[in-house]
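A structural walkthrough
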Amino acid sequence: MATINDIAKITGFSVMTVSRAFNEPDRVREDTRKKIMAAIDKLGYVQNRGARSLAKGCAFNICLYIPSVLDSTEAFVAQTVSAIGERLGYLGYSLSLRRRMAVDDNCDGMIAVGLNIDDEEEFMRISAQKPSVLYGNSNAFANWVDVDNFKGVYDVTEYIIGKGHRNIAYIGMDYNEHYVLQRKAGFLRALEDHGLSCPDNMIIISDNSEAAGFNACERLLDTASPTAVVCATDLIAVGCMHALQRKKIAIPEKIAVSGFDGFGFENTVFPKLTTVKQPLYDMGVKLADTVIGMINGKIPEKGIYVAPHLMIGESA
């Protein structure tokens, strides 16, 4: 069985450097760590996690809290968990999924995903016990990483305005979460910056599902005549497109449609949906790096926005 000394010999690094690549990755250069990890894969080295835990006085485990209202099979949840788990594994940590917001001795830190505004006080209490980072921005908590939802919707709305549209509607969500408010705010600011406005009957609030998007679009068309519809999510946008196609309204010739998320649903409709893609892998890496950095004594940045990017399809 390969040992840490074998890894040191094959890479040319000291045993201390190889050990740090596992235990204190922030203190090892990325190219050095990659060489060490490649040697580990080649030799099939397996670290003694029990001995490591005793030596370091920690469990090398991060708890990921996801509220029960989020289905673990949803694309957002599955892709986020996968990205965080992959990065933590690379850094030498395991990942435990929790449905209850709590920490224990088997948890060195916590990442929370999908909190609503009312949950933030409880998360702040948890963060006083263990290094914690939040996926989603917060006015009350400083250690967070989030997609720039405002900018994403601003950019896609500005793109649609650039296509010549002036009568633009918005289908948003009725949830008490920061990203919901910020997506709507990005839409309204883009209109304002281009001298446009949106009357009340051009803003529809719905649940986040295809069926809800379908119904919301039908309600919209009952009272308004938009030439474009900006949707807060891809699921809503897909439902909206189905409603338009049911009425034989050509997309984008008569009404353009855009979404937000880029989890794969944009490829399930024709014409292909124009959307804003959330960089979930980059988010997972940043969340994992932030919580491990905090465990190792690094002071985190006060709120980190990761920019999404516009994916131009055929629907707008």
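Small disclaimer: the values here were computed from a predicted structure and weren't measured.

Turning next to the sheet that holds strand E1 (residues 61-65). If you trace the six strands from one edge of the open sheet to the other, you get E2-E1-E3-E4-E5-E11, paired in parallel fashion. Of all strands in the sheet, those bounded by a partner on one side alone are strand E2 (94-98) and strand E11 (304-306). Geometrically, the sheet is characterised by an average inter-axis angle of 20° between neighbouring strands, direction not taken into account. The pairing of strand E3 (residues 109-113) with strand E4 (residues 132-135) spans four bridges and is classified as parallel. The partner of Ala112 across the bridge, within E4, is Leu134. In this fold helix H6 (residues 120-127) packs onto E3 and E4, with an angle of close to 155° to the strand it touches most, E4. The strands touched by helix H11 (residues 280-295) within the sheet are E1, E3, E4, strand E5 (144-147) and E11, with E4 carrying the most contacts at an inclination of about 165°.

This paragraph deals with the packing of helix H1 (residues 4-11) against helix H3 (residues 30-43). The geometry of H1 relative to H3 is characterised by a closest axis approach of 10 Å and an angle of 120° between their N-to-C directions. Accordingly, the angle class assigned to the pair H1 and H3 is oblique. Crossing geometry of H1 relative to H3 is assigned as right-handed. Contact residues: H1 offers Asp6, Ile7, Ile10 and Thr11, while H3 offers Lys35, Ile36, Ala39, Ile40, Lys42 and Leu43.

Cut-offs used in this document
Residues numbered from 1 in each chain as written. Predicted model: local features only at pLDDT ≥ 70, side-chain atom pairs only at ≥ 80, totals over all residues. Heavy atoms only, no water. Pairing = 2+ DSSP bridges. Helix = DSSP H or I, 4+ residues; strand = E, 2+ residues; numbered from the N terminus. Axes fitted to C-alpha atoms, helices over the stretch in contact; angles between N-to-C directions. Contact = heavy atoms within 4.5 Å. Parallel < 35°, antiparallel > 145°, perpendicular 65-115°, else oblique. Left-handed = near helix turned anticlockwise from the far one by under 90°.

The quantities given are spatial measurements derived from coordinates; they are silent on function.
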